[in-house]
Amino acid sequence: NAGVTQTPKFRVLKTGQSMTLLCAQDMNHEYMYWYRQDPGMGLRLIHYSVGEGTTAKGEVPDGYNVSRLKKQNFLLGLESAAPSQTSVYFCASSYGGPWETQYFGPGTRLLVL
Amino acid sequence: KQEVTQIPAALSVPEGENLVLNCSFTDSAIYNLQWFRQDPGKGLTSLLLIQSSQREQTSGRLNASLDKSSGRSTLYIAASQPGDSATYLCAAPRTSGSRLTFGEGTQLTVNP
């Protein structure tokens, strides 16, 4: 089992550019999450999904969109990147809700110039 | 709103020492308390999950305790090793809603 994988590992964008981060899990988990991790702010939830075809806003959703067309994939999109979106992005999944053990991907480091 | 605090932010100890990492939370109505480990440049790995009805949970050299009434959890690491060097984070899910609130972590360095 690969667990949770994320692509790309690292990306540099210019302000205003768009990109999509891909998360895939092979554990048949229902719940998937996107977090961002920033110094002094900790991990914050951006969006999450409770199953295929569903998405919901987390703590810091502005500037991001998500889609869960397939159960194993959860995509995070930045339509118009801003320097404030420079961060490390983590995807996670869990079989049940967030009260169960979450499994994290290795992260995507994004730099917006 | 749940707030999770971890003190100290960084800790350096010699190899072999027993140590305790602290986690405090403001809302005692938590569903469980989770401890994670994060190595530099990597994602988080779950270490221990303590249900709200439990007082402690053990895995190898790790022991986590939970005191809901005081809003505290501790992670005890016995006979520390250089391989234990990492950032340790605690997190608590709210009893309703879907957000896991994380502390900022304690960066542990175990010196050979």
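Throughout what follows, the structure given in this document is the object of discussion.

The rules behind these values
Residues numbered from 1 in each chain as written. Chains lettered and ligands numbered in written order. Predicted model: local features only at pLDDT ≥ 70, side-chain atom pairs only at ≥ 80, totals over all residues. Heavy atoms only, no water. Phe/Tyr/Trp six-rings, centres within 6.5 Å; stacked < 30°, edge-to-face > 60°. Helix = DSSP H or I, 4+ residues; strand = E, 2+ residues; numbered from the N terminus. Buried < 20%, exposed > 50% of the residue type's maximum accessible area, 1.4 Å probe, protein only. Contact = heavy atoms within 4.5 Å. Buried area = accessible area lost by both parts, 1.4 Å probe. Salt bridge = Lys/Arg side-chain N within 4 Å of Asp/Glu carboxyl O. Polar contact = N/O pair within 3.5 Å; in protein donor to acceptor, adjacent residues only side chain to side chain.

Some points on the packing of aromatic side chains
Residue and element names in this part refer to chain A. Taken as a whole, this structure holds 10 aromatic pairs over all chains when the rule is applied. On the numbers, 5.8 Å between centres and 65° between planes, the contact of Tyr64 with Tyr89 is edge-to-face. On the criterion of sequence distance, the pair formed by Tyr64 in the loop between β6 (56-57) and β7 (65-67) and Tyr89 in strand β9 (residues 87-94) is long-range, its members being 25 residues apart. Looking at Tyr64, the relative accessible area reads 8%, which means it is buried.

Topic: the interface of chain A and chain B
Counting from both sides, the interface comprises 18 residues of chain A and, opposite them, 19 residues of chain B. Carbon and sulfur atoms make up 59% of the area that chain A and chain B hide from each other, which totals about 1,600 Å². Seen at the junction of chain A and chain B, the total is zero salt bridges. If you look at where chain A meets chain B, you find four residue pairs in polar contact (both at pLDDT 80 or more). Listing elements by their share of the side of chain A that touches chain B, those giving two or more residues are β4 (31-38) and β5 (42-49) of chain A.

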